[in-house]
2 protein chains.
Amino acid sequence: MHQTIIDTLKRNQLSITDSRKKILELFLHAKGALAHFDIEHQSGAEFDRVTIYRTLQTFVEKGIIHTIPTADNSIRYALCKDDCANGHHHDDHVHFMCDSCGTTYCLDHVTVPQVSLPNGFTVTQTDVIMSGKCMKCV
Amino acid sequence: MHQTIIDTLKRNQLSITDSRKKILELFLHAKGALAHFDIEHQSGAEFDRVTIYRTLQTFVEKGIIHTIPTADNSIRYALCKDDCANGHHHDDHVHFMCDSCGTTYCLDHVTVPQVSLPNGFTVTQTDVIMSGKCMKCV
DNA sequence: TATATTTTGCAACGCTGTTGCATTGTATTA
DNA sequence: TAATACAATGCAACAGCGTTGCAAAATATA
């Protein structure tokens with residue numbers, strides 16, 4: 001597991017630092033998506049807020065994680081699948097946010113249906129955000 | 001037009017105030033969705049920020065406007081269609097945000113496709129947010 | 001018009017996210 | 001391994017969004 005983390009960082013030409021290792025580890029153990037808030041608390045106040053923001057930015061740029069728009073106006077991040085690095089728009093899965101426990105899931109195996117738009121509109125990205133109760137909170 | 005505004009407020013049992021009239025008017029003239037920022041500027045610094053926030057909240061509660069989650073983490077609001085007041089989850093249309101001009105459209109006539117979820121998940125709301133170029137920016 | 005009720009504006013606050021800069025840590029080369 | 005170049009971190013400060021409490025002003029009611 002620990003080797004996976006270092007490999008991932010190296011593969012993306014990132015230098016190995018404590019914060020990057022720790023934050024990547026949090027994502028690997030997380031069941032759903034994480035917000036900055038979650039990381040700040042789960043990392044035990046070990047790193048500066050700014051470092052966390054910058055690490056998240058770096059991970060997004062490298063395609064290690066991706067952002068999820070949410071209705072509650074807070075950016076959430078989730079791990080990308082292995083081979084989704086460059087040029088990938090993440091058009092391919094649905095996000096689900098539980099109203100009860102707040103957990104955000106990436107439903108990787110549910111594909112986003114095609115939506116036909118009026119003439120003149122060109123689509124580069126489609127996000128589907130569903131909310132309701134997850135399997136644990138029914 | 002002015003009468004429409006007052007009617008709408010009365011129909012929703014809201015007292016007629018300057019800010020409510022002005023903000024509702026802005027929505028009626030707006031082509032797309034509005035963010036708090038837009039309203040604050042378009043109303044010409046006439047009202048306090050707090051008043052705008054509270055007015056928007058009130059309008060959302062009454063079902064006059066609805067919120068749109070966006071990828072850039074800023075809440076946007078758009079007018080609801082006439083009869084979409086209570087209990088309506090706004091499952092029925094797609095939102096489109098133009099990467100060039102930033103305009104957010106409610107595509108009322110494009111219906112949200114059904115997405116089947118894994119067992120145990122219950123859906124109460126589905127938001128589809130598409131981005132790309134709108135008809136004016138192609 | 002007088003009274004009760006809402007709404008507004010102000011001040012203050014907390015949270016999110018960003019930037020600049022000095023310091024520290026990591027990678028690289030000999 | 002040590003010296004150097006480079007990148008990441010922490011700190012301080014800042015801007016923006018959104019909320020709350022309370023007194024003043026506006027609206028509705030009778």
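Rules used in this analysis
- Residues numbered from 1 in each chain as written.
- Chains lettered and ligands numbered in written order.
- Predicted model: local features only at pLDDT ≥ 70, side-chain atom pairs only at ≥ 80, totals over all residues.
- Heavy atoms only, no water.
- Core = buried A, V, L, I, M, F, W, Y, C linked by side-chain atoms within 4.5 Å.
- Buried < 20%, exposed > 50% of the residue type's maximum accessible area, 1.4 Å probe, protein only.
- Helix = DSSP H or I, 4+ residues; strand = E, 2+ residues; numbered from the N terminus.
- Pairing = 2+ DSSP bridges.
- Least-squares fit on C-alpha atoms with pLDDT ≥ 70 in both.
- Contact = heavy atoms within 4.5 Å.
- Axes fitted to C-alpha atoms, helices over the stretch in contact; angles between N-to-C directions.

Caption draft 1: Spatial organisation of the nonpolar core. Ranked by internal contacts, the top residues of the largest apolar core, which has 26 residues, are Phe96 of chain A together with Phe96 of chain B. Mapped by element, the contributors of at least two residues to this core are strand E4 (94–98), strand E5 (104–107) and strand E6 (122–133) of chain A together with strand E4 (94–98), strand E5 (104–107) and strand E6 (122–133) of chain B.

Caption draft 2: Structural context of the pairing of E6 of chain A. Relative to E6 of chain A, E4 of chain A is paired through four bridges, and the arrangement is parallel. Residue pairing in the sheet places methionine 97 of chain A in a bridge with serine 131 of chain A of E6 of chain A. Relative to E6 of chain B, E6 of chain A is paired through 11 bridges, and the arrangement is antiparallel. Counted as the bridge partner of glycine 132 of chain A is valine 123 of chain B from E6 of chain B.

Caption draft 3: Region of the structure containing the relation of the copies chain B and chain A. At an RMSD of 0.1 Å, chain B and chain A line up after a rotation of 179° and a shift of 0.1 Å along the axis. Within this description, the copies of the chain are treated as partners about a two-fold rotation axis. Residue valine 128 of chain B of chain B places its C-alpha closer to the rotation axis than any other residue of that unit, at 2.3 Å. When you check the interface residues of chain B against chain A, 100% turn up at the interface there too, and the contact is symmetric in its surfaces.

Caption draft 4: Examining the sheet that holds strand E1 (residues 34–35) of chain A more closely. All names here are of chain A. Across the sheet, which stays open at both edges, the three strands sit in the order E1-E3-E2 with antiparallel pairing between neighbours. Edge positions in the sheet fall to E1 and strand E2 (65–68), since each of these pairs with one other strand and no more. Most of the contacts of helix H2 (residues 18–29) go to strand E3 (residues 76–79), to which it runs at about 80°, and overall it touches E1, E2 and E3. The sheet contacts of helix H4 (residues 49–62) involve E2 and E3, and relative to E2 the element is tilted by about 105°.

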